Amino acid sequence: MRQLKPLARRLLASPYIVWAVLFVLAPMVFVVYYSFTDRSGAWTLENILGLGSYAQLFGRSIWYSIVATLLCFLLAYPLALALCKMKVKTQRILVMLVMLPMWMSFLIRTYAWLVLLQDEGIVNHWLDALSLPRFHMINTPGAVILGMVYNYLPFMILPIYTTLSKLDGSLHEAAHDLGANAAQTLWRVTLPLSLPGIASGITMVLVPSISTFYISQKMSTGNIFMIGDMIEQKFVMDYDLNMGAALSLALMVMVIVSMMVMRRFTDNEGEVIP
Amino acid sequence: MKKNRLIDLQNISVTLGDTPVLQGMNLYIRDKEFITLLGPSGCGKTTTLRLIAGFLQPDSGEVFFDGKRVGDTPPHRRPVNTIFQRYALFPHLNVADNIAFGLRLQHKSRVDITRTVDEMLSLVNLKSFANRAVASLSGGQQQRVAIARALAVKPKVLLLDEPLGALDLKLRKDMQLELKKIQRRMGITFVYVTHDQEEALSMSDTVVVMDGGEIQQIGTPIDIYNEPVNAFVADFIGESNIVDGIMLRDDLARFSGHEFVCVDHGFAKDEAVDIVVRPEDVDVVAPDVGMLRGTVTTCTFKGVHYEMIVDIGGFLWMIQTTDYSPVGAFIGLHIEPDAIHVMKKSKYSGLFGDYSCFTEEYYELSEPEEA
């Protein structure tokens, strides 16, 4: 095929460039601009300095999202390992099942949990029917974290599964051959070689978890506030665009830092950097 | 002799999917020998290796190590190590850590590990490569690391699965010599799998020729070459002209319309047999004194000799000779009694040994493909 001229190549990219400038770059500029101005548009550091009073909220968001990410990993890794050992046909069906919930609106799915878990909800009715004591589940941190784990689990499973399924089976045999039992093989070979998948799984769960607002609202019926909820409140209820922007900026910086940390584990091809 | 058996495979059958891969195989391997399993792809040689390593369980039959059954022993508890076809080096570890992998699992002291790793690195001539990433090494170097890694844990047996298959010809020849040297120096048993007959002949103490999941012949390289048991072995090892013949009596065979004195006996009177004559054992003489006469159809210069195809009564013979005869020449052939090898008829009779469809191109195509 004839090589495209640089100009032609640039033309091909132009629709996306226009899109990115309008809907990615411009909003970011606005976020930064609003963060450093007050209502009248005057330059100020007040918003940034005021972030300190939201420390508890940030702390809670970080803590919940770390717990959710960890739980996702603990659920996803053994599943991905088991998947890789199955017949290819079974693997395909199960991977589709993992992705199946993603075909449904995540709003509806989260709302369904509310119906299940609330004090007069389905689970408690079942417990009643079995003459077991009721549980208070909704409005607890556990419920919020459950919502995050449920929603973001596929994003942990898929990258780990992809990395594991690409591993050369003879590496496991070589480890066994050299005297490693199953646990030692997992620890010394499989786990280090699947780090790229783990890193991208963590990124893909941690980032949306840390900024979530809908899940925490629904699973706590508005009682447990996370940083995402606060941003929404600032923009939608309080019309405090400047504080909302400052909170968004802080969140963005945190996400970028965590992604940079994760990037250290993978290079472009997803290979492990020694 | 029984005491000398390090590994004993008894009546082993393996079926993978619906395909029977090994059928009632019996094989013993002596301590400290270099034994090669040789055969075309699909003959069951790699399966045999995986049985010994413990990656595969036989459907029936028993594997013995030092007289003890090891059917239930997992790979990591067997005193054998494997060199995998594509080396299977750990990409997240450097050269030294790859070699130390097995030693760390044995909880050796730091000093011991460092010493053994150094020893192994110098054994395979990679002294200055300890801290290199394995991905930065050439195929030949990776091969050496794989050997060092396997030998570091001091196995009793080293299993090698077509280890030189991915290397180019020159490197392959060097590594053949080096492997043989390493085997002697370490004083351990090597079980070597290959489809390359030349490799098998030049390295092994014992060659096991396999086809269709069955052992065709076990013997020293010289035995296998000079005394093949059937047409398959004769054809697979080196070049062979294999013709139908009749044993008139001991030491006298008739084939290609002529009676030949030979040195084979023990056949029934007038028994139908397969006769093997190696191309290099045929002398070109004047037509009037030749035992056989024929017309040269092709003549190719091969460096050391000419390779000619000679049409003798419709059967095409391959002859390797230093005497040039042009295409179309009518020549006589002389065969010494000890150049004639007589084999009993087998299921392979008539399948091999005729060069009628032989062309240079065909020769290239029939070269075993690189694994």
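Being a predicted model, the structure only gives us computed values, none of them experimental.

A. Main features of the overall build of chain B. Helix and strand counts for chain B stand at nine helices and 20 strands. Summarising its shape, the C-alpha atoms of chain B cover approximately 80 × 45 × 35 Å along the three principal directions. Scored against the burial criterion, the 371 residues of chain B give a buried share of 51%. For chain B, contacts bridging at least 24 residues in sequence account for 67% of all contacts bridging at least 6.

B. Quick peek at the sheet that holds strand S6 (residues 80-83) of chain B. Residue and element names in this part refer to chain B. Reading across the sheet, the six strands line up as S6-S7-S8-S3-S9-S10 and stay open at both edges, with mixed pairing between neighbours. Sheet topology places S6 and strand S10 (214-219) at the edges, where each strand pairs with a single neighbour. Going from strand to strand, the sheet's axes swing by 20° on average, the running direction of each strand aside. Two strands pair when backbone bridges link them, and strand S9 (residues 206-211) and S10 are joined in this way by five bridges, in the antiparallel orientation. Paired with Met 210 across the strands is Ile 215, a residue of S10.

C. Broad picture of the pattern of salt bridges. Under the criterion given, the structure shown has 22 salt bridges over all chains. Here Lys156(B) and Asp66(B) are joined by a salt bridge, their closest N and O atoms 2.9 Å apart. Of this pair, Lys156(B) sits in the loop between helix H4 (139-152) and strand S7 (157-161) while Asp66(B) sits in the loop between strand S4 (60-65) and strand S5 (68-69), and the two are 90 residues apart along the sequence. Judged by its relative accessible area of 42%, Lys156(B) is partly exposed. Given a relative accessible area of 42%, Asp66(B) falls into the partly exposed group. One continuous salt-bridge network, built from bridges that share partners, spans Glu120(A), Asp128(A) and Arg134(A).

D. How the structure looks around a nonpolar patch on the surface. A grouping of Tyr16(A), Ile17(A), Val18(A), Trp19(A), Val21(A), Leu22(A), Phe23(A), Val24(A), Leu25(A), Met28(A) and Val29(A) is seen on the molecular surface, where their side chains present a nonpolar patch of about 1100 Å² in accessible area. The topology assignment puts Ile17(A) in helix H1 (residues 6-35).

E. Here's a closer look at the interface of chain B and chain A. Contact with chain B, which involves 21 residues of that partner, is made by 16 residues of chain A. Of all residues in chain B, His76(B), His92(B) and Leu105(B) give up the largest surface area on contact with chain A, accounting jointly for 35% of the area buried on that side. Counting across the chain B and chain A interface gives one salt bridge. Measuring nitrogen to oxygen at the nearest pair gives 2.7 Å for the salt bridge that ties Glu173(A) to Arg50(B). Where chain B meets chain A, there are five residue pairs in polar contact (both at pLDDT 80 or more).

F. Up close: the packing of aromatic side chains. Residues and elements named next belong to chain A. For the structure on display, the rule yields 21 aromatic pairs over all chains. Ring centres of Trp 113 and Tyr 150 lie 5.3 Å apart, and the angle between their planes is 75°; this geometry places the pair in the edge-to-face category. Placement of Trp 113 in helix H5 (residues 106-117) and of Tyr 150 in helix H7 (residues 141-166) is noted, with a sequence separation of 37 residues between them. For Trp 113, a relative accessible area of 19% translates into the label buried.

G. Molecular detail of helix H8 (residues 169-177) of chain A. Of the positions making up H8(A), those classed as buried are Ser170(A), Leu171(A), Glu173(A), Ala174(A), Ala175(A) and Asp177(A). The inward-facing, buried residues of H8(A) contact helix H9 (182-193) of chain A together with helix H1 (45-53), S6, helix H2 (95-105) and H4 of chain B. Of the residues one or two after H8(A), Gly179(A) is the one with positive phi, at around 110°.

H. Structural context of the side chain of Thr189(B). All names here are of chain B. Following the sequence through the fold, Thr 189 ends up in strand S8 (residues 189-194). A residue is classified by how much of its surface remains accessible, and Thr 189, at 0% relative accessible area, is buried. Separated by 2.7 Å, the side chain of Thr 189 and the backbone nitrogen of Lys 32 make a polar contact. Each residue touching Thr 189, except ones within four places of it in the same chain, is listed here: Leu 6, Ile 29, Arg 30, Asp 31, Lys 32, Glu 33, Lys 156, Val 157 and Leu 158.

Calculation rules
- Residues numbered from 1 in each chain as written.
- Chains lettered and ligands numbered in written order.
- Predicted model: local features only at pLDDT ≥ 70, side-chain atom pairs only at ≥ 80, totals over all residues.
- Heavy atoms only, no water.
- Helix = DSSP H or I, 4+ residues; strand = E, 2+ residues; numbered from the N terminus.
- Buried < 20%, exposed > 50% of the residue type's maximum accessible area, 1.4 Å probe, protein only.
- Contact = heavy atoms within 4.5 Å.
- Pairing = 2+ DSSP bridges.
- Axes fitted to C-alpha atoms, helices over the stretch in contact; angles between N-to-C directions.
- Salt bridge = Lys/Arg side-chain N within 4 Å of Asp/Glu carboxyl O.
- Patch = residues over 30% accessible without salt bridge, like charges linked within 9 Å, V, L, I, M, F, W, Y side chains within 5 Å.
- Areas by Shrake-Rupley, 256 points an atom, 1.4 Å probe, with all protein chains shown as cover.
- Buried area = accessible area lost by both parts, 1.4 Å probe.
- Polar contact = N/O pair within 3.5 Å; in protein donor to acceptor, adjacent residues only side chain to side chain.
- Phe/Tyr/Trp six-rings, centres within 6.5 Å; stacked < 30°, edge-to-face > 60°.

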